[in-house]
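Residue-level structural notes
The lines below spell out each chain.
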Amino acid sequence: MNPPQAPDSLPKYIAEGIPKQDDSTIEDLRKYSQAILEHRQQTRAEAEVTAEDIPSNAERLGTDEAGTFVAETVTCGDQSCGCMNGGKKHGPYVYRYVYNDGTLTSEYLGKQSELKGDIDV
Ligand SMILES: [Zn+2]
């Protein structure tokens, strides 16, 4: 019986190294590979900006590899401004939300009306 062929996708240094290992090392390798895959999937899931991460009144514009883009209308904090007294809020402004090392950050990009065409979302 011929030994199994390594998948073509495996780099040569790995394909040649694995058959030389003993059974317990190969078993460890299998567990380690599985753990790496699980960790990556978890990291990806954490990196996803969900509806709970953005203000409820925000409009989700789209997501790409740079983050999730949302349009928000905001109050300015000036008590004499109409926005603080039930009037029209400012904006909409566009923000980019992204997870960096597990921490959600948002970046102000500008007024939505001035960004039309600049962001591809
Ligand atoms: Zn205001």
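Residues numbered from 1 in each chain as written. Predicted model: local features only at pLDDT ≥ 70, side-chain atom pairs only at ≥ 80, totals over all residues.

1. What to know about the overall build of the protein chain
For the protein chain, the helix and strand inventory stands at three helices and four strands. Along the protein chain, from the amino end to the carboxyl end, the secondary structure elements read α-α-β-β-β-β-α. Against the globule reference of 14 Å for 121 residues, the protein chain gives a C-alpha radius of gyration of 25 Å, more extended than a compact globule. Along the longest, intermediate and shortest principal axes, the C-alpha atoms of the protein chain span 85 × 30 × 20 Å. Counting every position in the protein chain, which comprises 121 residues, the buried fraction comes to 7%. Taking as baseline every contact in the protein chain between residues at least 6 positions apart, the subset at least 24 positions apart corresponds to 28%. (Helix = DSSP H or I, 4+ residues; strand = E, 2+ residues; numbered from the N terminus. Rg over C-alpha atoms; globule rule 2.2 N^0.38 Å. Buried ≥ 20, exposed ≤ 12 C-beta atoms within 10 Å, placed from the backbone. Contact = placed C-beta atoms within 7 Å.)

2. Notes on the domain arrangement of the protein chain
Looking at the assigned domains, one finds that the protein chain contains domain 1 (12-47) and domain 2 (51-115). For domain 1 and domain 2, the distance between their C-alpha centroids amounts to 41 Å. (Domains from an automatic or database assignment.)

3. Digging into the environment of K111
Residue placement: K111 occurs in strand β4 (residues 103-111). Those residues within four positions of K111 in sequence are excluded, and the remaining contacts are G91 and Y93.

4. Thoughts on the sheet that holds strand β2 (residues 67-74)
Taking strand neighbours across the sheet as the criterion, the four strands line up as β1-β2-β3-β4 in an open arrangement whose pairing is antiparallel. Pairing within the sheet leaves two strands with one partner each, and these edge strands are β1 (59-64) and β4. Each strand of the sheet is rotated relative to its neighbour by a mean of 30°, with strand direction disregarded. Inspection of the sheet shows strand β3 (residues 90-100) paired to β4 by eight bridges, in the antiparallel sense. Within the sheet, the bridge partner assigned to Y95 lies in β4 and is Y108. (Pairing = 2+ DSSP bridges. Axes fitted to C-alpha atoms, helices over the stretch in contact; angles between N-to-C directions.)

5. Quick word on the environment of Y93
Here Y93 is to be found in strand β3. On the basis of neighbour counts, which here come to 20 C-beta atoms within 10 Å, the residue Y93 falls in the buried class. The spacing of Y93 and Y108 is 15 residues in sequence and 7.6 Å in space, taken between C-alpha atoms. Those residues in contact with Y93 that lie beyond four places of it in its chain are A71, E72, V74, Y108, G110, K111 and Q112.

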